[in-house]
Every structure is written in C-alpha cells, then in structure tokens.
Amino acid sequence: MRFDRVWLNARLATLADGGLGLVEDGAVAAKDGRIAFAGQAGDLPSGWDTAERIDCEGRWITPGLIDCHTHLIHGGDRAHEFELRLKGASYEEIARAGGGIVSTVKATREASENELVASALPRLDHLIREGCTTVEIKSGYGLDLETEARSLRAARRLGEERPISVITTFLGAHALPPEANGDKDAYIEKVCSEMLPALAREGLADAVDAFCEGIAFSAEQTARVFAAAKSHGLGVKLHADQLSNLHGAKLAADHGALSADHLEYTDEEGAAAMAKAGTVAVLLPGAFYTLRETQLPPIAAFRKHGTPMALATDCNPGTSPLTSLLLTMNMSATLFRLTVEECLAGVTREAARALGRLDEIGTLEPGKSCDLAIWNIERPAELVYRIGFNPLHSRVWRGQ
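These figures come from a predicted structure and were not determined experimentally.

What counts and what doesn't
Residues numbered from 1 in each chain as written. Predicted model: local features only at pLDDT ≥ 70, side-chain atom pairs only at ≥ 80, totals over all residues. Heavy atoms only, no water. Helix = DSSP H or I, 4+ residues; strand = E, 2+ residues; numbered from the N terminus. Contact = heavy atoms within 4.5 Å. UniProt positions renumbered as here; feature names shortened; annotations may be inferred. Polar contact = N/O pair within 3.5 Å; in protein donor to acceptor, adjacent residues only side chain to side chain. Buried < 20%, exposed > 50% of the residue type's maximum accessible area, 1.4 Å probe, protein only. Core = buried A, V, L, I, M, F, W, Y, C linked by side-chain atoms within 4.5 Å. Domains from an automatic or database assignment.

Engineer: Please explain the environment of Glu-92 as it appears in this structure.
Structural biologist: Its location among the elements puts Glu-92 in helix α2 (residues 91–96). Sequence separation between Glu-92 and Gly-33 is 59 residues, and the spatial gap between their C-alpha atoms is 46 Å. Beyond its immediate chain neighbours, meaning those up to four positions away, Glu-92 contacts Ile-215 and Leu-243.

Written as structure tokens, this is what we have:
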C-alpha cells in the first residue's frame with residue numbers, strides 16, 4: 001500500500017474506544033486527506049510505501065483540537081463592560097441597561113463583511129496556533145436577516161482564508177433587538193418564519209442555537225425555534241441553565257439537541273435526560289471565570305449518568321474573550337475538577353460529538369479526516385497542566 005504521508009516514531013493519544021487510546025511507538029498514515037492507519041508502527045501493512053516520511057522523534061500526536069462553541073464573528077469589543085463588572089455590576093444588570101449582547105449588535109450591524117472577517121482572523125489564528133483544526137462559529141450579533149446572513153458568510157469565509165474546518169450555527173434567538181420593542185414572541189416568529197428559512201435556502205447554517213434564559217427567551221419560545229430548525233433539516237443546540245434553572249438541559253434533550261451549553265444550574269433530571277438523549281454537555285469555563293460565577297456545573301451528575309462532556313472557549317466579546325483551548329482545558333481541570341482524560345476528550349472526541357461530526361473528526365481512526373496536532377510534550381497531562389505555554393510542534397489539517 002502506498003500512502004501520501006506517514007508520521008513515524010510517535011506516541012499517540014488516539015482518543016478512540018472511549019479512553020485516551022495511548023499507543024507507544026505509533027504511526028499515522030494519510031491517504032487523500034484521510035487517516036489510512038493509526039496504531040502501532042509494527043502493525044502497518046506489509047510492503048507499505050509513502051511519498052513522504054516524517055520522523056516525529058518521540059513526540060505525541062493527538063487529534064486536531066476542536067472548538068465546538070464560539071462567537072468569533074462580531075464587531076467591536078466590550079472591555080468597558082469588563083471594567084463595570086470589576087466595579088460590581090452583574091451580567092444581568094449590564095444587559096438590562098443596554099449593554100451586553102445588544103451593544104455588540106450595534107457594532108456588528110455597522111461592520112462590513114470584510115471588516116468582520118478581518119477582525120475575526122487574529123482570534124482564529126490564535127486557535128490555529130494551538131492545534132485547532134475545526135471551529136464552530138455562531139451568528140447572533142445581527143438579530144436581523146441582513147446582518148445574520150452577513151455574519152454567517154463571514155464565518156464561511158474564514159474557512160476559505162485559513163486551513164481549518166468551519167461549522168456555522170444560526171443564533172438568531174440570542175437576544176431581543178431594540179427595534180422589537182420588548183415583544184419577544186413577535187421576534188421569535190420573525191426568526192422562525194423569515195430569518196431561518198432564508199438562511200437555510202442559502203445554505204449558510206449547519207445548525208440552529210438559542211439562548212434560553214430569563215434575560216433571553218423562554219422554554220416555549222425556544223421550542224418554537226427548535227421546531228422551525230427541524231423543519232429545515234437542521235440540528236439544534238442550546239445555551240441552557242447558565243444563570244438560572246429554566247430546565248433548558250431537559251428541553252434540549254427532549255428535542256434531541258446535539259448539545260446543551262453552559263449548564264451551571266442544570267439539575268440531575270436534566271443531566272439524566274441529556275445522557276439518555278445523547279445530548280452533549282458543553283462546558284464553558286471561560287464564561288464561568290470571566291463572570292466570576294460560583295455555581296459549578298453538575299459534573300458529578302454528568303459522570304453518574306454518563307452524559308458526554310465537551311469543552312469550548314465560548315470566545316465572545318463580553319463574557320469569554322478567550323481564544324485558547326489549552327487554557328480552556330486548564331480552567332476545566334482547575335475550576336471544574338475534570339480529569340486529564342476528560343479534558344483531552346472534551347476538546348477532541350466529545351467536541352466532535354457535540355457538533356454531530358464524530359464520524360469525521362475527533363479521534364485518530366482510519367477513514368476520518370487526517371487532522372492532527374503534534375506536541376513537544378513528555379506526557380498528555382502537560383497539555384492540561386501548563387498555563388500560558390504552547391507546546392505545539394506542528395499541525396496537520398486534512399493530511400497537509
């Protein structure tokens with residue numbers, strides 16, 4: 001068998017079969033952008049050959065990292081709100097005073113597609129430099145059809161400007177725009193009957209998200225968005241139980257959501273429902289840290305019921321200005337007490353599951369996209385343990 005490229009003299013964390021999948025004296029072979037072999041070098045097929053042979057000199061190879069929850073596309077920043085929080089203002093107080101998401105909406109509406117792309121590229125580049133090969137990008141800072149479409153086009157363009165897979169999510173039900181004059185039901189009707197169909201026709205969204213919270217939308221309004229998404233063949237996910245328990249986790253599970261994200265106030269019933277439905281719990285320690293929250297997500301309940309747990313940066317201008325999956329793992333271990341295995345799985349295998357792409361990415365297994373991160377480390381725990389240090393040696397996307 002002739003491969004395009006083979007990485008030899010490597011140690012692998014394949015993340016296959018539900019564990020870290022550690023392999024000493026490992027090898028990975030690529031053919032046509034996909035993994036053709038991953039395992040013990042001695043198990044390579046007899047008579048194999050390759051166009052390019054790479055000696056990893058004992059380095060570790062993991063799947064390329066996956067950031068499964070970001071808001072990379074937006075105008076402006078909200079550093080001033082950070083200052084207000086330092087003086088004691090709460091997230092809800094800032095939002096109700098016209099700050100928060102709505103302030104970013106104004107800046108985003110004023111930005112051109114080119115400007116949105118240009119401002120997002122440095123954030124994306126930082127993720128890439130740390131081994132990220134797939135990123136999910138949400139809209140949600142337009143809250144009108146024109147700006148939501150522009151944001152999603154900008155997100156798609158990022159995947160053309162850089163060697164990375166971009167998955168887009170329509171988050172029209174993120175907040176209430178000022179022109180809605182407080183009428184949440186009328187705005188949700190617009191999201192469902194006007195915005196979502198137009199974006200689906202243009203093929204701009206891979207999934208649909210919503211924010212179910214007291215300062216955002218109710219469970220009933222969220223269910224309407226989910227129904228509309230499914231009528232267009234789009235998967236759903238949910239910002240759930242971040243500031244209070246509106247039983248968003250159970251709502252997401254009841255609708256077969258790919259994921260429910262944040263989840264600080266999720267109860268055991270919600271955790272059990274998610275496990276039964278296969279809905280992934282996406283934990284976002286950057287927001288927990290930035291908002292100085294004290295209510296921890298129910299990690300013990302997720303473990304008890306076998307709820308899959310993913311991690312993501314939640315990169316956004318207001319509550320998680322974070323562009324590091326390495327720091328995300330450290331925060332998850334330190335703040336949420338996740339294990340090294342849970343952290344590494346959270347930014348590879350389980351992040352892929354949260355995007356509905358586990359058949360394509362997230363583990364080192366034949367047939368999957370050859371997305372690799374090659375690290376200058378002695379043991380996988382170093383990826384979680386270090387703070388502010390990037391040990392990436394090289395990154396491979398689709399075999400290149």
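Engineer: Even after reading the chapter, I still don't get the UniProt feature "binding site: Zn(2+)" (unreviewed entry) in the chain, so can you show me in this structure?
Structural biologist: In the numbering used here, UniProt assigns the feature "binding site: Zn(2+)" (unreviewed entry) to His-69, His-71, His-239 and Asp-314. What stands out for the annotated residues spanning 246 residues is how close their C-alpha atoms remain, the widest pair being 12.4 Å apart. Here His-69 lies in the loop between β8 (65–67) and α1 (79–86). A polar atom in the side chain of His-69 sits 3.2 Å from the side chain of His-71. Along the chain, His-71 turns up in the loop between β8 and α1. Given the relative accessible area of 2%, His-71 is considered buried. Look past the residues within four positions of His-71 in its chain and what remains in contact with it is Lys-138, Ser-139, Tyr-141, Leu-171, His-174, His-239, Asp-314, Cys-315 and Asn-316.

Engineer: So what exactly am I meant to see when it comes to the nonpolar core here?
Structural biologist: Val-135, Leu-158, Phe-170 and Met-329 are the most contacted members of the largest nonpolar core, which totals 95 residues. Two domains each donate at least three residues to this core, and these are domain 1 (2–63 + 363–396) and domain 2 (65–355). Excluding its chain neighbours within four sequence positions, the residues that come into contact with Met-329 are Leu-311, Cys-343, Leu-344, Val-347, Leu-383 and Val-384. Ala-30, Ile-35, Cys-56 and Val-396 belong to the second-largest nonpolar core, a separate cluster that totals 15 residues.

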